[in-house]
Amino acid sequence: MITTRVLTGADLDRALGDVARLRINVFRAFPYLYDGDLAYEEQYLQIYRESEDAVLVGAFDGDVLVGASTGMPLEDHADDFGAAFEGTDLVLSEVFYCAESVLLPQYRGHGVGHAFFDLREAHARKLGDKKVCFCGVVRPVNHPMRPNDYAPLDPFWRKRGYKKLDGAIAEFGWKDIGHSEETKKQLQFWVKDL
């Protein structure tokens, strides 16, 4: 039986080591192909310790964290993503950013993805945000590491009311599996009114 619960403050802080390991594990798969390491993860996840309004939704099998989904006000990520919203009508201070959602494959298909979004969107409403967004990596359809059975999550996101935000594309770098250096990737933003 999988349970989900919202973690903030000290509970969020205690779970971040497990979130780092989940990110490395889950994001190795297509489309991210992320060749991660714990040192980078600890640095990256520090922002969730620093943001008073950050949230972590944990998916648990008993006491074991098997999935996690994070979020915080978009303003807290403005250094990373602010340029992607230039030319849009979004007011960053009114937008909540849903960051990663990672779930071990054997736990998928049981509604956890919906719970991740439901609980983060509820958190954003409590903060008074008017919109919620996230971004997903853009990979070419003919990418050599794309599995034959790969199914993009676009239909799931659309069903939840998200739409691609035209022109809102960020660039973020990481090292792909099998590569020796980090390269920039494009990430498309999706947005929804709360």
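Worth saying up front: this structure is predicted, and the values here are computed from it rather than measured. (Residues numbered from 1 in each chain as written. Predicted model: local features only at pLDDT ≥ 70, side-chain atom pairs only at ≥ 80, totals over all residues. Heavy atoms only, no water.)

Asks: I tried to follow the pattern of salt bridges on my own but got confused; where do I start?
Replies: Side-chain pairs of opposite charge can arise where the charged atoms are in close proximity. A full pass over the atoms with the stated rule returns 13 salt bridges. Residue Arg-23 is joined to Glu-100 by a salt bridge in which the shortest nitrogen-to-oxygen separation is 2.5 Å. With Arg-23 in helix α1 (residues 9–26) and Glu-100 in strand β4 (residues 95–103), the pair connects residues that are 77 residues apart, well separated along the chain. Classification of Arg-23 by relative accessible area gives buried; the value is 7%. (Salt bridge = Lys/Arg side-chain N within 4 Å of Asp/Glu carboxyl O. Helix = DSSP H or I, 4+ residues; strand = E, 2+ residues; numbered from the N terminus. Buried < 20%, exposed > 50% of the residue type's maximum accessible area, 1.4 Å probe, protein only.)

Asks: Just checking my understanding: could you explain the environment of His-77 for this structure?
Replies: Here His-77 is to be found in the loop between β3 (64–73) and α3 (78–81). When the C-alpha positions of His-77 and Ala-99 are compared, they lie 9.8 Å apart, and in sequence the two are 22 residues distant. In this structure, His-77 is in contact with Tyr-44, Ile-47, Tyr-48, Met-72, Gly-82 and Tyr-97, ignoring residues within four places of it in sequence. (Contact = heavy atoms within 4.5 Å.)

Asks: Quick question: what am I supposed to make of the environment of Ala-84 here?
Replies: Within the secondary structure layout, Ala-84 lies in the loop between α3 and β4. For Ala-84, a relative accessible area of 5% translates into the label buried. In this structure, the C-alpha to C-alpha distance between Ala-84 and Glu-171, residues 87 residues apart in sequence, is 8.2 Å. Here Ala-84 is in contact with Gly-167, Ala-168, Ile-169, Ala-170 and Phe-189, once residues within four sequence places are set aside.

Spatial relationships are all this shows, so hold off on functional conclusions.
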